[in-house]
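Listed here are the chains, written in short residue letters.
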Amino acid sequence: MKRLVLISCLLAIGLLSGCNTDTTNKNLGQQNINSQEKDNLGNIGKILRTADHARVLREYESLKNNEHDMEQLERILSDIDALINTKKSNIMIDVRIGDYGDVEVRRLFSATEKNLIGIEASKEEINTVSFTKDKNKAWNKAAAKDNGGISETTDCSEYMGLDHGLYILFAEKLDRIREGKCLGEISGKTYILVDDKYGWQTLYVIGEYKNKKYKNDWDMNIVQFVSSDGSFKDTSREIYNVENTFIYKDGCNEVKEEALRVISMYPKNGLNKNIKKMFK
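Source: prediction; values computed, not measured.

Concerning helix H6 (residues 253-264)
So, step 1. Compared with an ideal rise of 1.5 Å per residue, which puts 12 residues at 16 Å, H6 spans 16 Å between its outermost C-alpha atoms and is within 8% of the ideal.
So, step 2. Along H6, the residues classified as buried are Val255, Glu258, Ala259, Val262 and Ile263. When H6 is viewed along its axis, its buried side chains cluster within an angular range of 125° and face the same direction.

Below, the structure written as structure tokens:
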């Protein structure tokens, strides 16, 4: 699990560890639930289907010796930027993190140009977080754990200048992607290889779906494989993790319902009302 925490920093650096927020205390969370038998993750299946996993590795093998494709990299970054430029967009983000297999952490967010609010859930505890941009374009953060009250609001000066809540989640990830090697695009997915700051290699597989056939199709899907040896093969759970990130520009009933289901299990959580409002 310690390795999982390191991996989660790639997605939301500062979200739960930045701005002077305390690290999650597992033992305390277990004491809080006692015999209530809470399972925040629900029944969401595997983090990545075996067929998808095999396909991604096969396509990576065919691309890994390619030269850096700057043009394709810029195209995919522009597609991500375009998500926040849609007027009256209702962006929701569903992040699933774990070893290849079951999900261990799930993050559910709603993002606007003025707010980012959401839940980080493990099986038996949650952290809720709210970022709000003031009139000076400075972001301020509040958080609440399990059924606890809201923490003292903190100023997050490192986010000054970010013009959308989505970038609080993705600014550092996008910086790393820009510094990575774009291997090219295949089967509608762009493959980008990054050496992260922990000495691990990360493979980002990013695809956009512009013509949705079903209401819950994603607009942007980022699959992130992490490996210490660069193979990205499931040879050891100690060195292999996956993050699936689904970004919906027009909201998503599944994300909304899941966020409301989880927060309903913690009626005294200090951000309960805020989360219900953002995911209504």
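Digging into the pairing of strand E4 (residues 126-133)
So, step 1. Judged by how many residues are buried, E4 sits mostly within the fold: 7 of 8 residues are covered.
So, step 2. As defined by bridge partners, strand E3 (residues 115-121) adjoins E4 across 7 bridges and the pair is classed as antiparallel. Bridging from a neighbouring strand, Gly118 pairs with Val129 of E4.
So, step 3. Where E3 folds back on E4, the antiparallel hairpin that results is connected by 4 residues.
So, step 4. As judged from the 7 bridges shared by E4 and strand E5 (residues 139-145), these two strands associate in the antiparallel manner. The residue bridging Val129 from the neighbouring strand is Ala143, located in E5.

Description of the pattern of salt bridges
Proximity of charged atoms lets side chains of opposite charge pair with each other.
So, step 1. By the definition in use, this model includes 15 salt bridges.
So, step 2. Between Arg96 and Glu254 there is a salt bridge, and its shortest N-O distance comes to 3.0 Å. On the criterion of sequence distance, the pair formed by Arg96 in strand E1 (residues 91-98) and Glu254 in helix H6 is long-range, its members being 158 residues apart.
So, step 3. For Glu254, a relative accessible area of 32% corresponds to the partly exposed category.
So, step 4. Two residues, Asp175 and Arg178, come together in a salt bridge whose shortest N-O distance is 3.4 Å. With Asp175 and Arg178 both in helix H5 (residues 165-179) and 3 residues apart, the pair spans about one turn of that helix.
So, step 5. With relative accessibility at 43%, the residue Asp175 sits in the partly exposed group.

So, unusual backbone geometry
So, step 1. A positive phi angle, near 65°, is found at Lys137, a position not held by glycine.
So, step 2. According to the relative accessible area criterion, Lys137 is exposed, its value standing at 56%.
So, step 3. The residue Asp146 is not glycine, and still its phi comes out positive at about 50°.
So, step 4. Within the fold, Asp146 resides in the loop between E5 and strand E6 (154-156).

Examining the packing of aromatic side chains
So, step 1. Scanning all chains against the criterion turns up 2 aromatic pairs.
So, step 2. For the pair Tyr60 and Phe232, a centre-to-centre distance of 5.3 Å together with 85° between the ring planes defines the contact as edge-to-face. Taken as a pair, Tyr60 in helix H3 (residues 50-63) and Phe232 in the loop between strand E10 (220-227) and strand E11 (240-248) lie far apart in primary sequence, 172 residues in all.
So, step 3. Ring plane angle 80° and centroid distance 5.7 Å describe the contact between Phe131 and Tyr159, whose orientation is recorded as edge-to-face. Of this pair, Phe131 sits in strand E4 while Tyr159 is found in the loop between E6 and H5, placing the two residues 28 residues apart along the sequence.
So, step 4. When its relative accessible area of 0% is taken as the criterion, Phe131 is described as buried.
So, step 5. Looking at Lys38, its charged tip hangs above the ring of Tyr266, at a distance of 3.9 Å from the centre.

Criteria and thresholds
Residues numbered from 1 in each chain as written. Predicted model: local features only at pLDDT ≥ 70, side-chain atom pairs only at ≥ 80, totals over all residues. Heavy atoms only, no water. Helix = DSSP H or I, 4+ residues; strand = E, 2+ residues; numbered from the N terminus. Expected span 1.5 Å × (residues − 1). Buried < 20%, exposed > 50% of the residue type's maximum accessible area, 1.4 Å probe, protein only. Arc of directions from axis to C-beta. Pairing = 2+ DSSP bridges. Salt bridge = Lys/Arg side-chain N within 4 Å of Asp/Glu carboxyl O. Phe/Tyr/Trp six-rings, centres within 6.5 Å; stacked < 30°, edge-to-face > 60°. Lys NZ or Arg CZ within 6 Å of the ring centre and 35° of its normal.

Functional significance is not addressed by these values, which are geometric in nature.
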